[in-house]
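Inside the fold
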Amino acid sequence: MSTNKKIYLAGPFFSPEQIERLDKVAAILAQNPTVETESIFRPNQHSYSEAEFGSFEWQTATFGFDIRQIDQADLVVAVLDYQTESGQFEPDSGTMWECGYAFAHNKPVVLARYKDDLPINLMLSGSATAVFNGDADLTNLATYDFNALQTKYVATKIY
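On to helix α3 (residues 93-104). Here α3 is twelve residues long and its end C-alpha atoms lie 16 Å apart, about the 16 Å a rise of 1.5 Å per residue gives. Packed against the buried residues of α3 are β1 (5-10), α2 (56-72), β3 (75-79), β4 (109-113) and α4 (122-127).

As C-alpha cells, then:
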C-alpha cells in the first residue's frame, strides 16, 4: 500500500529570486497526487522566533528543528539554484549538507534545478534518486511517482 509522501524542501531562501524558485517548486509538488501537500516542509516558513535571528539560541533551535524535519520526512527535494543571478553555479552549502544528511540516513534525494546548462557536483548527482534539470523538466515533478521513486538522471556535466 502506498501513501502520499512527506517532503522536506531544501534550498536557499536568502533573496527574493531564491524564495520565488522555492515557491514554484512547492506549487508543482502540491499538484502531485503522491505528495502529502500539507507536509511539504520549508525551513524558511518555520523560523524560530523565540530568540534573535543569528544568535546561538536561534542557531541551535533552527539546526535541531530542521534535522528533526528531515528525519520525519520521507525524502528531500533540493533546489540547487543558489546565486545563479550573479553567475555562480555552486549550490548553497546548507542545501548540500541537508542532501548529504538525508542520503546518510537512507532518505531519497531528488534534485531540482532551473538552470540546465550548469554542471552538478559528482557527490550530489551520485546521491540523487532523481534529477529534474531545467524549467521544462521541473514541471515533471507534478507527475513523478514519489511512491515508486524511479531512478531519473539527466545528461549533464559533473564537477
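Using the criterion set out here, one finds three salt bridges in the structure. A salt bridge links arginine 42 to aspartate 23; its shortest N-O distance comes to 2.8 Å. Of this pair, arginine 42 sits in the loop between β2 (35-41) and α2 while aspartate 23 sits in helix α1 (residues 16-30); the two residues are 19 residues apart in sequence, bridging distant segments of the chain. By relative accessible area, which is 37% here, aspartate 23 ends up partly exposed. Taking the shortest distance from any N to any O, the salt bridge between lysine 152 and aspartate 137 comes out at 2.8 Å. Of the two residues, lysine 152 sits in the segment after α5 (135-138) while aspartate 137 sits in helix α5, which places them 15 residues apart along the sequence. For the residue pair lysine 152 and aspartate 137, the accessibility class agrees, reading buried in each case.

With that out of the way, let us pick up the packing of α2 against α3. Each pair of packed helices gets described by two things: the angle between the helix axes and the distance between those axes. Interhelical geometry of α2 versus α3 gives an angle of 45 degrees and a closest axis separation of 10 Å. In terms of their interaxial angle, α2 and α3 are classed as oblique. Between α2 and α3 the crossing geometry is right-handed. Facing Phe63, Ile67, Ile70 and Asp71 of α2, the residues of α3 in contact are Trp97, Glu98, Tyr101 and Ala102.

Here we take up α1. For α1, built from 15 residues, the straight-helix expectation of 21 Å at 1.5 Å per residue is met to within 8% by its first-to-last C-alpha distance of 21 Å. Taken together, the buried positions of α1 are occupied by Gln18, Arg21, Leu22, Val25, Ala26, Ile28 and Leu29. The buried residues of α1 all sit within an arc of 160 degrees when viewed along its axis, so they share a single face. Structurally, α1 contributes buried residues whose contacts are with β1, β2, β3 and α5.

Cut-offs applied
Residues numbered from 1 in each chain as written. Predicted model: local features only at pLDDT ≥ 70, side-chain atom pairs only at ≥ 80, totals over all residues. Heavy atoms only, no water. Helix = DSSP H or I, 4+ residues; strand = E, 2+ residues; numbered from the N terminus. Expected span 1.5 Å × (residues − 1). Contact = heavy atoms within 4.5 Å. Salt bridge = Lys/Arg side-chain N within 4 Å of Asp/Glu carboxyl O. Buried < 20%, exposed > 50% of the residue type's maximum accessible area, 1.4 Å probe, protein only. Axes fitted to C-alpha atoms, helices over the stretch in contact; angles between N-to-C directions. Parallel < 35°, antiparallel > 145°, perpendicular 65-115°, else oblique. Left-handed = near helix turned anticlockwise from the far one by under 90°. Arc of directions from axis to C-beta.

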